[in-house]
Amino acid sequence: NAGVTQTPKFRVLKTGQSMTLLCAQDMNHEYMYWYRQDPGMGLRLIHYSVGEGTTAKGEVPDGYNVSRLKKQNFLLGLESAAPSQTSVYFCASSYSGLAGNTGELFFGEGSRLTVL
Amino acid sequence: DAKTTQPPSMDCAEGRAANLPCNHSTISGNEYVYWYRQIHSQGPQYIIHGLKNNETNEMASLIITEDRKSSTLILPHATLRDTAVYYCIVRVVVGLPGGFKTIFGAGTRLFVKA
């Protein structure tokens, strides 16, 4: 049971380049989230999904797009990377909280992105 | 989702109880209180959660006031390895569409000192 897996773990981009971060979970969770964390700060929600084929904006969605074509995967895309998007990106997933489960979020190990 | 307010940092002596407060005065009836911690730059780790009753598990205890406007996370015997950032969040677990945003604040940086 791998839990939540993020790829890649490290990436350096030039301004204007595009890339996609992949989050995969093997726990059959309905909900998935993408956060970013800048140095010394808390996590900020970028986008989230409450089910396959659905996505919604979080606190800081500008400059990012997401897709959830399969229940187990949640992709975060940067179409034209900017230095302000240099950050650590965390993916998380959870059950809905129904059926007595805790509804806790399970986090990946993070993806460090540097935009030059 | 309701917002939470936490002190930016706290110190605790090793072996003593660490009491981390959280204010969530605008919490609504279907929102749970969750606590997570983040050690170094790892992904946050779930600690405990509750709705209105006090909760205890192997890691910590959660005390929620009767009016649910604030809570306290208690680490009964803090160790050096408990040095981390602790996040208090409120979250709808079963709710309306759009209610599953899970917003983290800045958290409390706990320093456990020998």
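Residues numbered from 1 in each chain as written. Chains lettered and ligands numbered in written order. Predicted model: local features only at pLDDT ≥ 70, side-chain atom pairs only at ≥ 80, totals over all residues. Heavy atoms only, no water.

Trainee: How should the overall build of chain B be read in this particular structure?
Mentor: Secondary structure assignment for chain B yields 0 helices and 9 strands. The secondary structure elements of chain B, listed N-terminal to C-terminal, are β-β-β-β-β-β-β-β-β. The C-alpha radius of gyration computed for chain B amounts to 14 Å, which stays within 12% of the reference 13 Å derived for 114 residues, consistent with globular compactness. With the principal axes as the frame, chain B shows a C-alpha extent of 45 × 30 × 25 Å. Of the contacts made within chain B by residues no fewer than 6 positions apart, 58% connect residues no fewer than 24 positions apart. (Helix = DSSP H or I, 4+ residues; strand = E, 2+ residues; numbered from the N terminus. Rg over C-alpha atoms; globule rule 2.2 N^0.38 Å. Contact = heavy atoms within 4.5 Å.)

Trainee: Would you explain the interface of chain A and chain B in this entry?
Mentor: When the parts of a complex come together, some accessible area is lost, and that lost area is often taken as the interface size. Taken residue by residue, the interface counts 27 residues in chain A and 21 residues in chain B. For the interface between chain A and chain B, the tally reads 0 salt bridges. Seen at the junction of chain A and chain B, the total is 6 residue pairs in polar contact (both at pLDDT 80 or more). Of all elements in the fold, only strand E4 (31–37), strand E5 (43–51) and strand E9 (87–94) of chain A reach the threshold of two or more residues within the side of chain A that touches chain B. Looking at the side of chain A that touches chain B residue by residue, the classes come out as 13 nonpolar, 9 polar and 5 charged. (Salt bridge = Lys/Arg side-chain N within 4 Å of Asp/Glu carboxyl O. Polar contact = N/O pair within 3.5 Å; in protein donor to acceptor, adjacent residues only side chain to side chain. Nonpolar A, V, L, I, M, F, W, Y, C, P; charged D, E, K, R; others polar.)

Trainee: What am I meant to see in the nonpolar core here?
Mentor: In globular proteins that are soluble, nonpolar side chains generally tend to be buried together. Residue and element names in this part refer to chain B. Membership of the largest hydrophobic core comes to 22 residues, with the highest contact counts inside it found for Trp35, Leu73, Tyr86 and Leu110. Contributions of two or more residues to this core are made by strand E2 (18–23), strand E3 (31–38), strand E4 (45–50), strand E6 (61–64), strand E7 (70–75), strand E8 (84–92) and strand E9 (108–113). A per-element tally of this core places E8 first, with 4 residues. (Core = buried A, V, L, I, M, F, W, Y, C linked by side-chain atoms within 4.5 Å. Buried < 20%, exposed > 50% of the residue type's maximum accessible area, 1.4 Å probe, protein only.)

Trainee: Just to check I follow, could you spell out the state of the cysteines for this structure?
Mentor: Disulfides are covalent bonds that link the sulfur atoms of two cysteine residues. Within this structure, the stated rule accounts for 2 disulfides over all chains. The disulfide partner of Cys23(A) is Cys91(A), and the S-S distance across this bridge is 1.9 Å. Handedness of the Cys23(A)-Cys91(A) disulfide follows from its S-S torsion of about -75 degrees: it is left-handed. In this pair, Cys23(A) is assigned in strand E3 (residues 19–25) and Cys91(A) in strand E9, connecting sequence segments 68 residues apart. On the basis of relative accessible area, Cys23(A) is assigned to the buried category, the value being 0%. On the accessibility criterion, Cys91(A) (0% relative accessible area) is buried. For Cys22(B), the disulfide goes to Cys88(B), at an S-S distance of 2.1 Å. In this structure, the disulfide formed by Cys22(B) and Cys88(B) twists by about -80 degrees around the S-S bond and is classed as left-handed. Residue Cys22(B) is located in strand E2, and its partner Cys88(B) is located in strand E8; the two are separated by 66 residues in the primary sequence. (Disulfide = S-S within 2.5 Å.)

Trainee: Is there a simple way to explain the environment of Glu66(B) in this structure?
Mentor: Residue and element names in this part refer to chain B. For Glu66, the position within the fold is in the loop between E6 and E7. Exposure remark for Glu66: the relative accessible area of 83% places this residue in the exposed category. With 14 residues separating them along the chain, Glu66 and Lys52 place their C-alpha atoms 7.1 Å apart.

Trainee: Would you mind going over the side chain of Arg37(B) with me for this structure?
Mentor: Residue and element names in this part refer to chain B. Positionally, Arg37 belongs in strand E3. Of the residues examined, Arg37 reaches a relative accessible area of 12% and is grouped as buried. One polar contact links Arg37 to Asp82, side chain to side chain, over a distance of 2.7 Å. Of the polar contacts made by the side chain of Arg37, one reaches the side chain of Tyr86; its length is 3.0 Å. Among residues more than four places away in sequence, those in contact with Arg37 are Gly43, Pro44, Gln45, Ile47, Met59, Arg81, Asp82, Ala84, Val85 and Tyr86.

Trainee: Sorry, what's going on with the pairing of E6(B) here?
Mentor: All names here are of chain B. Of the pairings in the sheet, the one linking strand E5 (residues 55–56) to E6 comprises 2 bridges and is antiparallel in character. Looking across to E6, one finds that Glu55 is bridged to Leu62. Between the antiparallel neighbours E5 and E6 lie 4 residues. Pairing of E6 with E7, which is carried by 4 bridges, proceeds in the antiparallel orientation. Bridge assignment links Ile63 to a residue of E7, and that residue is Thr72. The turn joining E6 and E7, which pair antiparallel and follow one another in sequence, is formed by 5 residues; a positive phi near 65 degrees is taken by Arg68. (Pairing = 2+ DSSP bridges.)

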